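# Reading the structure
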Amino acid sequence: FVAVSLPTLASNVMSQYSPAIEGHCNNIHCLAKAINQIAAALFTIHKGSIEDRLKEFLALASSSLLKIGQETDKTTTRNRESVYLLLDMIVQESPFLTMDLLESCFPYVLLRNAYHAVYKQSVTSSA
């Protein structure tokens, strides 16, 4: 549910990433730690493979976020790049996920462009 719900965060005005605080204005960057901690606890209790479930999560989340890349409506995609960064944070926070795995389902060029866009927007808004 969380993986397919991530794109809805892009339409929220407060989902903008702020380089000054190294996080999002509405604290969605906290989801990275929460997703990893809850997955570890849940699948430890239920004797599941944490790594396999997080790989499934990453594949679903990547697919969902790639779909908003094709949207043309500005209001639903206003903070698309900031939400892309959330996906990167989830992988950075996880002991089970790697950047290679992320790149296999989400193009690194989109992450690089997203970092560039949010930092560029931060510079132009502060000037």
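Reference entry: report on the structure contained in this document. The structure displayed is predicted, hence computed values, not measured ones.

Cut-offs applied
- Here the residue numbering is sequential within each chain, running from 1 through the sequence in written order.
- Residue-level local features of this predicted model are given only where pLDDT is at least 70; pairs of side-chain atoms are given and counted only at 80 or more, and the full residue set underlies all totals for whole chains, interfaces and linings.
- Only hydrogens and water are removed before side-chain values are computed, so all heavy atoms of the structure are retained for them.
- Secondary structure counts use DSSP, requiring at least four H or I residues in a row for a helix and at least two E residues in a row for a strand, with both numbered from the N terminus.
- The globule rule is 2.2 Å times the number of residues to the power 0.38, and the radius of gyration it is compared with is taken over C-alpha atoms.
- The contact criterion used is simple: two residues touch if any of their non-hydrogen atoms lie within 4.5 Å.
- To be clear on the numbers: accessible area is Shrake-Rupley with a 1.4 Å probe, and residue cover counts the displayed protein chains and nothing else.
- The charge count includes Lys and Arg as positive and Asp and Glu as negative, but it does not include His or the ends of the chains.
- Charge positions come from single atoms, namely NZ of Lys, CZ of Arg, CG of Asp or CD of Glu.
- Here, a salt bridge means any side-chain nitrogen of Lys or Arg that lies within 4 Å of a carboxyl oxygen of Asp or Glu.
- Think of it in three bands: residues with accessible area under 20% of the maximum for their type are buried, residues over 50% are exposed, and the middle band is partly exposed, with areas taken using a 1.4 Å probe on protein chains only.
- Structural elements are reduced to axes, namely lines fitted to C-alpha atoms, with helices fitted over the stretch in contact, and the angle between N-to-C directions of any two is expressed from 0 to 180 degrees.
- For classification, angles of less than 35 degrees are called roughly parallel, those exceeding 145 degrees roughly antiparallel, those between 65 and 115 degrees roughly perpendicular, and all remaining angles oblique.
- By the definition used in this description, the sense in which the near helix is turned from the far one sets the handedness, with an anticlockwise turn below a right angle giving left-handed and a clockwise turn giving right-handed.
- When residue character is reported, Ala, Val, Leu, Ile, Met, Phe, Trp, Tyr, Cys and Pro are called nonpolar, Asp, Glu, Lys and Arg charged, and the others, Gly included, polar.

### Comments concerning the overall build of the protein
- Helix and strand content of the protein: 6 helices and 2 strands.
- The order of helices and strands in the protein, counted from the N terminus, is α-β-β-α-α-α-α-α.
- Its C-alpha atoms give the protein a radius of gyration of 15 Å, near enough to 14 Å, the size a compact globule of 127 residues would have.
- For the protein, the spread of C-alpha atoms along the principal axes amounts to about 50 × 30 × 25 Å.
- In the protein, once contacts between residues fewer than 6 apart in sequence are set aside, the share between residues at least 24 apart is 66%.
- Accessible area of the protein: about 7400 Å², with a carbon and sulfur share of 57%.
- One way to put it: in the protein the 10 positive side-chain charges average out to a point 4 Å from where the 11 negative ones average out.

### Things to note about the pattern of salt bridges
- Throughout the structure, instances matching the rule amount to 4 salt bridges.
- Of the charged contacts in the structure, one is a salt bridge between Lys33 and Glu93, with a shortest N-O distance of 2.7 Å. Linking Lys33 in helix 2 (residues 30-45) with Glu93 in helix 4 (residues 80-93), this pair joins segments that are 60 residues apart in sequence.
- For Glu93, a relative accessible area of 34% corresponds to the partly exposed category.

### Examining the packing of helix 2 against helix 3 (residues 50-68)
- Packing of helix 2 against helix 3 leaves a shortest axis separation of 9 Å and a crossing angle of 135°. With respect to each other, helix 2 and helix 3 are oriented oblique. When you trace helix 2 past helix 3, the crossing you get is right-handed. Across the interface between the two elements, Ile35, Asn36, Ala39, Ala40, Phe43 and Thr44 of helix 2 pack against Ile50, Arg53, Leu54 and Phe57 of helix 3.
- Taken together, the residues of the contact of helix 2 with helix 3 sort by class into 7 nonpolar, 2 polar and 1 charged.

### What about the environment of Leu60?
- Its location among the elements puts Leu60 in helix 3.
- The exposure class assigned to Leu60 is partly exposed, which follows from its relative accessible area of 47%.
- With 31 residues separating them along the chain, Leu60 and Val91 place their C-alpha atoms 14 Å apart.

Just geometry here; none of it tells us what the structure is for.
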